[in-house]
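# A closer look at the structure
Spelled out from the first residue to the last, the chains are:
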Amino acid sequence: MTNKPHRNGRGLFLGALLGAVAGALLGRAAGSALFGAILGAVIGAAVLYRVNPGPWKRD
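Residues numbered from 1 in each chain as written. Predicted model: local features only at pLDDT ≥ 70, side-chain atom pairs only at ≥ 80, totals over all residues. Heavy atoms only, no water.

Helix and strand content of the protein chain: two helices and zero strands. Relative to its 59 residues, the protein chain shows a buried fraction of 22%. Residue pairs in contact within the protein chain that sit at least 24 positions apart in sequence constitute 67% of those at least 6 positions apart. Working note: accessible area of the protein chain is about 4,900 Å², and carbon and sulfur atoms make up 69% of it. (Helix = DSSP H or I, 4+ residues; strand = E, 2+ residues; numbered from the N terminus. Buried < 20%, exposed > 50% of the residue type's maximum accessible area, 1.4 Å probe, protein only. Contact = heavy atoms within 4.5 Å. Areas by Shrake-Rupley, 256 points an atom, 1.4 Å probe, with all protein chains shown as cover.)

Take a look at the structure:
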């Protein structure tokens, strides 16, 4: 049995949402809230899609 990498659609959505909010706040300080929100959404979605394990499968 091989270990599959943990990937999760809910993590993708949650990462995009949290990343957009955090990116907008940081981007506003840097001068462009829209660019910060877009960049934060992409980075947050990528990180949580890869890291968040999702539901446990117990045998």
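Now that the structure is up, let's keep going.
Where nonpolar side chains cluster on the molecular surface, the patch consists of Phe35, Leu39, Ile43, Val47 and Val51 and spans about 490 Å² of accessible area. Secondary-structure assignment places Val51 in helix α2 (residues 33-51). (Patch = residues over 30% accessible without salt bridge, like charges linked within 9 Å, V, L, I, M, F, W, Y side chains within 5 Å. Salt bridge = Lys/Arg side-chain N within 4 Å of Asp/Glu carboxyl O.)

A separate point is the environment of Gly15. Relative to the assigned elements, Gly15 resides in helix α1 (residues 9-30). Using a relative accessible area of 1% as the deciding quantity, one classes Gly15 as buried. Residues Gly15 and Tyr49, 34 residues apart in the sequence, show an inter-C-alpha distance of 7.1 Å. Ignoring any residue separated from it by four or fewer positions in sequence, one finds Gly15 in contact with Gly40, Ala41, Gly44, Ala45 and Leu48.

A few words on α1. Over its 22 residues, α1 extends 30 Å from the first C-alpha to the last, a length consistent with the 32 Å expected when each residue adds 1.5 Å. The elements touched by buried residues of α1 are α2. Of the residues one or two after α1, Gly31 is the one with positive phi, at around 120°. (Expected span 1.5 Å × (residues − 1).)

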